[in-house]
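The chain contents come next:
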Amino acid sequence: MDRESLARMPLLLRRRLLLALAGTTLAGLAACGGGGEGPDVAAAAAAKPERARPLASHDPAATTYRVTQLPLPVESAFVFRNGLNEAGQVAGQQFTAEGGRGFFFDGAGIHYFTPSAPFASGAWRSSVRFVNGLDASGRVVGSYDYEQADTPPERAGVQGNEAFLWSREGGFVRVTPNLWAESRHLGSAGHVAGTVYRPDGRREGFLWSARDGLRTDFGAELRLEEAWVVNGAGLLGAHGSQRGLNGALLIDTISGRTTLVPGTGEYGRVADINEAGDAAGEVLTAGDRFHAFFANPSRGIAPIDLGPAVGAEHDAFAVDLNERGELLLSVNRRDRPPETRGAAYLWSQALGAIEMGTPPGAHASPSAINNHGLVVGSHDVWRGAEYAGSRAFAWTRESGMVDLASRVQNAPQGFRLHFATAVNDSGVILAGADSGLVLLTPVTAPPASQPPLVGAITGTETAPAGARATFAATFSDVDAAETHSATWNWGDGSAPQAGSVSGSGGAGRVEGAHVYRSAGVYTVSLRVTDSGGRSTEVSREIVIHDRGAGFVKGNGWLRSPAGADAQAPAAAGRAHFNFVARYKQAGKSRKEHSKAAFSFRTERLHFHGRALEVLEIDGPRARLEGVGSLNGERGHRFELTALDGATRPGDRLRVRIWRDERQGGRRLVYDSQPTGTPGAPLGGGNIVVRPR
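Residues numbered from 1 in each chain as written. Predicted model: local features only at pLDDT ≥ 70, side-chain atom pairs only at ≥ 80, totals over all residues. Heavy atoms only, no water.

Caption draft 1: Looking closely at the sheet that holds strand β32 (residues 436–442). As summarised here, the arrangement of the four strands in space is β1-β32-β31-β30, forming an open sheet in which the pairing is antiparallel. One side of each edge strand has no neighbouring strand; the edge strands of this open sheet are β1 (65–69) and β30 (417–423). For this sheet the average axis-to-axis angle between neighbouring strands, irrespective of direction, equals 30°. (Pairing = 2+ DSSP bridges. Helix = DSSP H or I, 4+ residues; strand = E, 2+ residues; numbered from the N terminus. Axes fitted to C-alpha atoms, helices over the stretch in contact; angles between N-to-C directions.)

Structural data, given as structure tokens:
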């Protein structure tokens, strides 16, 4: 039975079926002396272990990938590992100078969505802040905020942040009307798990469905602070307490049966639950160590032993869990230098722990695993002790780690893949290239034709109004006999312009130039079309500034190191940022500036700047201060220091976030450079600072 058929079953019938299948799995595991495979493969694995190996089409070392380019710059677009479904659809959010918007790729094109404000009277503006999940039917879950357009954003009582469910057919559904809330996960049966933030500072985990509405009460003995994930049978993963004992919780929302994974109480997370009821996550233990766990309500909690090679000083985080019970782990080895501190592991009860390995001196960050054991992620590139970006990889037990860019069909000159975020069971991978987000699809047979593959737009990054800005991009085409045309769209309301195309034999270059008359942040788009009518579009931003008026702008990502997140100090990974601010006019004081935008996101944290209080520009350096919300909670402050190093390797950024305490003072909750160095180099994107 496939997942879609399972998801359409009534909840009680589906739960009974899964319990029956789980019983079959346990019997098969007992016969072979192992554990961890899901119900669809366990019996076969017991009789023939080779069945558990990846399909040939999922071996990245033997696979060639064709590229589908999405017109979404990696500097501003963000997709979680569950933002790609089996149909090849993609959902995420894009940060812009005006706010955030959701996007949905249906296989043919991009559809953007921003909810209407929930009030009929008054002038309101709304912005998508999170897109946290996509199911098999194309439904999207996320969070959005809204504020009165004519009221200063720092005023209390005029803003809201709600969870939503969206689809092209049904539009927006308000999951938590009039409640500050954040969604975390969309289950296969349409349940939404998330967290409500109460006015008195309390947090409550919630579960929502179209039939039953919003639920925050799970029994007198349970207190849920956050709900993280839910599977199709209604098994909910949360952080909270049972009878006063803190930790991660697995709650059967039908029977009420609860499994507690104990921790210190300050942190506990359930990262994933599969349809067989296997769950994985991590808790904070004594000694401020993060310990990953694997649990099943029917079988209890299984210890995870990574072996002596990992060292005693380490933290382990659950990343993803497939239906075979194979757990993807991100490990932080505290006793290693920063460039080799992070490691990727695969673990299951049957296999034990397997370190994936990386190029010498690299830090590995796994992102997702599919049901055939194909893992995708990224590893860091270092120049001595300096972080110099990342490269996307794919891994299986048979092939080891493979550089995904080396497997791309007919890549144009300089084509690079910096990270891989998600992978489905067909082997389709969502990754980030210089030119934007891309889908990598295994080539099973030579296609009749393909659209051209276009590289990143290069050229002018910032210019004063009235100056000439120049741009260029390379492209390649597997159909060497094709001819090509190109069109530039400058994003300022002017008419599209034909590009100057050169090249032949399946490779070429496009050039163009434009004069922007007004200051602002504009999106430059290029569409390359072959003589068969197939086309590809890429885009990037350019900042145009007033002569004599200072401004600062940046978007991209950097590596968020261990120690940056005060609540989860071992967490490390990619952090996306987007900000823009400028003085109203030359000669004004540091507090007389125009409205600014600032968004900052890691895997665990999302900060939205709501009001800028200070803008200081001194040569190539800038400092911004203001107030905003963290994971939907107001009462936070930020400081951003940026350095324009003229080129990306020289650009640096430091982000610090504090929480205003009720008793006075403030508490540091995030610092992107906890060692006190003057800002981290970027992994992608750029920073532009122009003094007055």
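Caption draft 2: Fine view of the pairing of strand β41 (residues 520–530). In the sheet, strand β37 (residues 484–489) pairs with β41 via six bridges, with the strands oriented antiparallel. Its bridge partner being in β41, Ala486 is matched across the sheet by Val528. Direction of pairing for β41 relative to strand β42 (residues 535–545): antiparallel, over a ladder of 10 bridges. Across the sheet, Thr523 pairs through a bridge with Glu541, a residue of β42. Two successive antiparallel strands, β41 and β42, enclose a turn made up of four residues, where Gly533 displays a positive phi of approximately 90°.

Caption draft 3: Fine view of the pattern of salt bridges. Summed over the entire model, instances satisfying the criterion amount to 34 salt bridges. In this structure, the salt-bridge partner of Arg81 is Asp320, at a minimum N-O distance of 3.1 Å. Of this pair, Arg81 sits in the loop between β2 (77–78) and β3 (90–96) while Asp320 sits in strand β22 (residues 314–321), placing them 239 residues apart in sequence. Between Arg211 and Asp212 there is a salt bridge, and its shortest N-O distance comes to 3.1 Å. (Salt bridge = Lys/Arg side-chain N within 4 Å of Asp/Glu carboxyl O.)

Caption draft 4: Region of the structure containing the side chain of Arg540. Locating Arg540 in the fold gives a position in strand β42. Of the side chains with opposite charge, Glu461 lies nearest to the buried Arg540, which makes no salt bridge, at 5.3 Å. Within the local environment of Arg540, its side chain forms a polar contact with the backbone oxygen of Thr460, the two atoms lying 2.6 Å apart. (Buried < 20%, exposed > 50% of the residue type's maximum accessible area, 1.4 Å probe, protein only. Lys, Arg positive; Asp, Glu negative; His and termini not counted. Polar contact = N/O pair within 3.5 Å; in protein donor to acceptor, adjacent residues only side chain to side chain.)

Caption draft 5: Quick look at the confidence of the model for the protein chain. Predicted confidence across the protein chain gives a mean pLDDT of 81, with 82% of residues reaching 70 or more. Across the protein chain, the secondary-structure element scoring lowest on mean pLDDT is helix α3 (residues 42–47), at 24, and the one scoring highest is strand β38 (residues 497–498), at 97. This stretch, residues 152–158, has a pLDDT under 50; its non-local contacts, to residues over four places away or in other chains, come to 14 contacts. Note on residues 586–592: pLDDT under 50 across the span, and 16 contacts to partners over four residues away in sequence or across chains. (pLDDT = per-residue confidence, 0-100. Contact = heavy atoms within 4.5 Å.)

Caption draft 6: Inspection of the packing of aromatic side chains at higher detail. One pass over the structure, following the stated rule, counts 19 aromatic pairs. Taken together, the ring pairs connect Phe104, Phe113, Tyr144, Phe164, Trp166 and Phe172 into an aromatic cluster. Between the NZ or CZ atom of Arg101 and the centre of the ring of Tyr112, over which it lies, the distance is 3.7 Å. (Phe/Tyr/Trp six-rings, centres within 6.5 Å; stacked < 30°, edge-to-face > 60°. Lys NZ or Arg CZ within 6 Å of the ring centre and 35° of its normal.)

Caption draft 7: Highlighting the nonpolar core. With 29 residues, the main nonpolar core has Phe579, Phe600 and Leu653 as its most contacted residues. Leu653 has contacts with Leu558, Phe577, Phe579, Leu640, Thr641, Ala642, Ser672, Gly679, Ala680, Leu682 and Ile687, leaving out every residue within four places of it along the chain. Ala467, Ala473, Ala486 and Trp488 belong to the second largest nonpolar core, which has 21 residues in total. (Core = buried A, V, L, I, M, F, W, Y, C linked by side-chain atoms within 4.5 Å.)

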